[in-house]
Amino acid sequence: MNSMHEESIIELKDVTVTYPHHTALESVSLAIERKAFMGIAGPNGAGKTTLLCAINGLSSILSGTVRVFEKSLFPHIASIRRDIGYVPQIIACDPRIPLRVREVVSMGRYARINFLKRFSSEDRKITEYAADMVGIGHLMDRPIGHLSGGEQRKVAIARALAQEPKILLLDEPVSHLDLNAQASILALIDKVHAQKNLTTVMVSHQLDQLPESCNRLILLKEGKIIFNGTTQSGLTEDILSQLYGCPIKVIKNGYGYTIRVGANS
Amino acid sequence: MEILQYQFMQNAVLAGVLAGISCSLIGVLVVTLEIPFLGVAMSHAGFAGAILGIIIGINPLVCAFIFCCLASLFIGPITDKADFKPEVAVGILFSIMLGLAFLFLAFLPGAKTEALSLMWGSILAVSRFDVWVIAVSALVVISFLIIFFRQIKTVLFSRQVAASLGISERSIYYVIIFLSGVVIASNLTTIGGLLIFSLVINPAAAAFQIAYNFRNMCILASIFGVGSCLLGLWFSYIFNVPAGAVIIVSSSIIFSVCLALSPKKKLRHTCCRHE
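Residues numbered from 1 in each chain as written. Chains lettered and ligands numbered in written order. Predicted model: local features only at pLDDT ≥ 70, side-chain atom pairs only at ≥ 80, totals over all residues.

1. What about the sheet that holds strand E1 (residues 8–19) of chain A?
Within a sheet, adjacent strands bond to each other through the backbone by hydrogen bonds, running parallel or antiparallel.
Residue and element names in this part refer to chain A.
Part 1 of the reasoning: In spatial order, the strands read E2-E1-E4-E5; together these four strands make up an open sheet with antiparallel pairing. Sheet topology places strand E2 (22–33) and strand E5 (71–72) at the edges, where each strand pairs with a single neighbour.
Part 2 of the reasoning: Relative to E2, E1 runs antiparallel, the two sharing eight bridges. When the sheet's bridge partners are listed, Ile-10 is paired in E2 with Ile-32. (Pairing = 2+ DSSP bridges. Helix = DSSP H or I, 4+ residues; strand = E, 2+ residues; numbered from the N terminus.)

Now the structure itself:
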C-alpha cells in the first residue's frame, strides 16, 4: 500500500467542491498511479467533470488538498498545468473564428514557451508530429470551424499531445459522435496512452465503450465515490444497478461488455 | 495632395490613421470575444466622464480616460464573480453610463455646444497633443498584441483551454477590456462618442467575415479602419460634410461588401458548437 502511494502521480484528499445550492464533490479522496488509465463514470450530475477539473485546478476547491507530481496544486498550479494535457468536452468557440487547425494544435506548445521565446522549428516539428499521430496532418491548413465534430475532437487531442504532457485528462471524448468516429477516437486514445507512457484520466458515459487500456475505474454518484478498483471488478450488475438506481444487465462477450438497462433484457 | 500642407490636415490624417489602427485592433479582440457592445458601453463611459470634466473644469479627455478605466475595471471582475455573461455586465454598465451622461448634461450650465460636440467629434480640429495621445494608445495596443500574440489568440479561442495551458487568461482578458477603455477615451474628442463604436466594430466585423487567420484579421481590420478614416477625411474636404459621419458610412459600406463576399456566411453559428 505504501509503495503504491509512492507511485501516485495524482492524489486527492477530502476534496469538496461546491456550486451555489449544490455540492458537486463531497470529501473525495483518491490516488492515481503513474501510467495508469483511470476511467471515471457515473450518472448525470455525479461530479465527473468537476473531479477531472479538480486535478488541473479548473474547479474551485472548497476544502481538501490536491497533489500532482508530488506537489500541492497551489501555489504550483502554473508549472503543474504545463504537464497536464486537457481535452474538454465542450469548446464553446465561434465556428467562424479566424483560426486554422495548425494554430489550434500549436496552442499546446504555448504551455511550454513563454511570451519572450520564439516558436522554434522544434516546436513546429512537435506540432506536426502530434497532428500526424492523431491523423489530422492533412487538415492543418483548414479553418477550425470547417471540421466535423470527430475531427475537432482529434484536433483537441493533438493540441493536448503537442503540449508533451505527462498526464492526459479527457472529458467525454466520444460523446455526440457517430459509431465510426467513436471507434476511431477510442483506438487513438489507446494508442497515445501506450506510446507516450501517459497517465490518462477519462470521463465517459458509455461504460461498454471504454478504451482497452482503461484498467482502473471510479464510479461516482451524487459527488461521492461508490467504487474505486479495476475496470473488470467495477462492471458488475450489482454495482451498476446501485450506481444508476435501476436494474442493469452486463453481458460479457468476446469484444468486451454490453450494458443494458433492465434485468430481463 | 495640396491639402496636406495645412497643419490641421496633417494632424487629422495622422489622427485618422492612428485611430483607424487602434480602434480596429481593439475591435478584433472584442468582436472575436463576442462582446462587441463593449465599444458602445465604453464610449458612453468616456462621454459621461468628458461631460463631468467640462462641468468641474478639468480636461474632458482626462476625465473620459478615468471613467473608461474605472468602467473597464468593473466589467471583468463582475463578469467572473457573478453568474452571468459578459454582455449582461456590459449592458448594465452601458445603462449606468448613459444615465450619468444625461445627468451631467442636465447640470451643465448654458449652451451645451462643447458637450454635444463630443458626440460627433471633430477630427479636423484635432491638436498635435491629441495626436500624441492617440499615438501612445495605439502603440500600447500594438505592443500588447505583438508581445502576447500567442496568449491572446488562445484566450480568444477558449478561456478554459488557455487556463488549462497555464496561461494567465484572466489577466489577458482584463487587459483587453482595459485597453478598449484606453483606446476609446483617447479617440473620443477626435471621432466622437456616438461614432467611435462604429469604428471599433465595423472594420473588425468586416475582417471577421473574410479572414481565416487571426494575424490576417488584424491586418485587414487595420487596413479597413485606416481606409475608412482617410476616405472620411477626403470626402469631408471635397464635399464639406462632417468627417466623422463619412468615416462611419465608409466603414459600414466596407462591412456590407465583406458580408456579401463572405465565404463564412453559410456557416451557421450553432452547427459546429459541441453540445
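2. A look at the interface of chain B and chain A
Part 1 of the reasoning: Each side of the interface is counted separately: chain B has 31 residues, and chain A has 30 residues.
Part 2 of the reasoning: Elements that contribute at least two residues to the side of chain B that touches chain A include exactly helix H7 (149–157), helix H8 (159–164) and helix H11 (214–239) of chain B.
Part 3 of the reasoning: In terms of residue count, the dominant contributor to the side of chain B that touches chain A is H7 of chain B (five residues).
Part 4 of the reasoning: Class assignment of the residues belonging to the side of chain B that touches chain A gives a composition of 15 nonpolar, 10 polar and six charged. (Contact = placed C-beta atoms within 7 Å. Nonpolar A, V, L, I, M, F, W, Y, C, P; charged D, E, K, R; others polar.)

3. Topic: the environment of Cys-23 of chain B
All names here are of chain B.
Part 1 of the reasoning: Assignment of secondary structure puts Cys-23 in helix H1 (residues 7–32).
Part 2 of the reasoning: Taking the C-alpha atoms as reference, Cys-23 lies 24 Å from Ser-168; in sequence the two are 145 residues apart.
Part 3 of the reasoning: In this view, Cys-23 contacts Val-183, Asn-187, Ile-196, Leu-199, Val-200 and Gly-225; residues no more than four positions away in its chain are not counted.

4. Remarks on the sheet that holds strand E6 (residues 84–87) of chain A
Residue and element names in this part refer to chain A.
Part 1 of the reasoning: The six strands lie next to each other as E6-E7-E8-E3-E9-E10, forming an open sheet whose pairing is mixed. Of all strands in the sheet, those bounded by a partner on one side alone are E6 and strand E10 (224–230). Each strand of the sheet is rotated relative to its neighbour by a mean of 15 degrees, with strand direction disregarded.
Part 2 of the reasoning: Of the strand pairs in this sheet, strand E7 (residues 167–171) and strand E8 (residues 199–203) are connected by five bridges, and their pairing is parallel. Each bridged residue has a counterpart across the sheet, and for Leu-168 the counterpart in E8 is Thr-200.
Part 3 of the reasoning: Lying on the sheet, helix H2 (residues 48–55) is in contact with strand E3 (37–41), E7, E8 and strand E9 (216–221); it crosses E8 at an angle near 155 degrees. (Axes fitted to C-alpha atoms, helices over the stretch in contact; angles between N-to-C directions.)

5. So, the domain arrangement of chain A
All names here are of chain A.
Part 1 of the reasoning: The domain architecture assigned to chain A consists of domain 1 (1–83 + 166–236) and domain 2 (95–163).
Part 2 of the reasoning: Just the C-alpha atoms count here: the centres of domain 1 and domain 2 sit 24 Å apart.
Part 3 of the reasoning: Mapped by element, the contributors of at least two residues to the side of domain 1 that touches domain 2 are helix H3 (77–82) and helix H7 (179–195).
Part 4 of the reasoning: The element contributing the most residues to the side of domain 1 that touches domain 2 is H7, with five residues.
Part 5 of the reasoning: Of the residues that constitute the side of domain 1 that touches domain 2, the class distribution is seven nonpolar, two polar and two charged. (Domains from an automatic or database assignment.)

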